[in-house]
Amino acid sequence: MGIAALKLSPLRTPNPARASAIEVAGLRFPNPVGVAAGFDKDAEVPDQLLGLGFGFTEVGSITPRPQAGNPKPRLFRLIEDKAVINRMGFNNGGGDAALARLQKRASNPQAQSGIVGINVGANKDSDDRIADYAAMARMMTPLASYLAVNVSSPNTPGLRALQDEGALSELIEVVIAARADAGGKLDTLPPIFLKVAPDLLQDDIDAIARIALDKKLGALIVSNTTISRPASLRSHHAGETGGLSGAPLRELALQRVRDFRKATGGEIPLVGVGGIASAEHAWARIRAGASLVQLYSAMVYEGPGLGARIAKGIERLMKRDGFTSIAEAVGSE
């Protein structure tokens, strides 16, 4: 319903850069608050989302071939917990359909003033998932502000195994090569962001950090949904299979930002995701080491204006704590 309503909305000019503007991976974000992947799966409303006051949006995950995703029901509101469990399974219309929409956007001058990342994934039944990521990177490079490689969804069997050091190193190398194959000068190619799971051991975090540094990734997106189930959950949906997001993920995702900040020595920008529902939550993620933040589940409970409210609130908190820029505040806790 949200996508349908946005498709009927006129395009608004995205908000100009605010005092909270920040440069990450060579991109100038007008504010640090974005929409996480999973909402606009098929790249249907990126500019309408930017018009709501978000500093950027991330479409997808998009796979080479269309797929229906997992059987329904597959999405559950845990109202008492302000949380969501999903096991969607990369349901999307496939690369060709999304490509056509993004190419149409590229020819619309009004739609070309915002940052739109493209999150790519692999088909569930693929014989070669790494080849799927390469195909999507090659296809989407000319249209992406950044490419987000999603190896952290818990809803495609075996996908998280690509976070293992050897497999991940191979995957990133293949994506980098595919991005180069798409043409263009190196300094104009979109940076590569890697989206990781929160359910990682310290050895996993250290290995991913090494790869991110070695391959000069643009950023790490920390984090996807969790397969853990805190004892505090009250909803009768708490036992459903899938990834848990929303308020119960907040502290775990915050800790993972701290962990990746330490593991990378602050050399790789971080995007904080998971349980952010207020300016204070976003500010805590920034102070812990995130240069950008993303929302999704909180909009279920707080409405579509939440992004703009958080962006304004961050500026208030920045002034309160004596910072003149977001960059100055990153990792300052």
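Here, every reference points to the structure presented above.
What comes next concerns the included structure.

Brief notes about the side chain of Asp 132
Relative to the assigned elements, Asp 132 resides in helix 4 (residues 129-140). Comment: no salt bridge for buried Asp 132; closest opposite-charge side chain is Arg 65, at 5.0 Å. There is a polar contact of 3.0 Å between the side chain of Asp 132 and the backbone nitrogen of Asn 123. Not counting chain neighbours up to four residues away, the residues in contact with Asp 132 comprise Pro 64, Gly 121, Ala 122, Asn 123 and Ser 126.

Quick look at the sheet that holds strand 8 (residues 146-150)
Strand order around the closed barrel formed by 8 strands is 3-4-7-8-9-10-12-13, with parallel pairing between neighbours. Adjacent strand axes in the sheet meet at a mean angle of 25°, parallel and antiparallel pairs treated alike. On the sheet, helix 7 (residues 250-264) packs against strand 9 (192-196), strand 10 (219-222), strand 12 (270-273) and strand 13 (290-295) and is oriented at approximately 155° with respect to strand 10.

Some remarks on helix 5 (residues 165-181)
Taking 1.5 Å of rise per residue, 17 residues should cover 24 Å, and helix 5 covers 24 Å from first to last C-alpha, within 8% of that figure. Leu 168, Ser 169, Leu 171, Ile 172, Val 175, Ala 178 and Arg 179 are the residues of helix 5 that are buried. If you follow the buried residues of helix 5, they end up packed against helix 4, strand 8, strand 9 and helix 6 (202-214). Phi turns positive one or two residues past the end of helix 5, at Gly 183, with a value near 95°.

Conventions used here
- Residues numbered from 1 in each chain as written.
- Predicted model: local features only at pLDDT ≥ 70, side-chain atom pairs only at ≥ 80, totals over all residues.
- Heavy atoms only, no water.
- Helix = DSSP H or I, 4+ residues; strand = E, 2+ residues; numbered from the N terminus.
- Buried < 20%, exposed > 50% of the residue type's maximum accessible area, 1.4 Å probe, protein only.
- Lys, Arg positive; Asp, Glu negative; His and termini not counted.
- Salt bridge = Lys/Arg side-chain N within 4 Å of Asp/Glu carboxyl O.
- Polar contact = N/O pair within 3.5 Å; in protein donor to acceptor, adjacent residues only side chain to side chain.
- Contact = heavy atoms within 4.5 Å.
- Pairing = 2+ DSSP bridges.
- Axes fitted to C-alpha atoms, helices over the stretch in contact; angles between N-to-C directions.
- Expected span 1.5 Å × (residues − 1).

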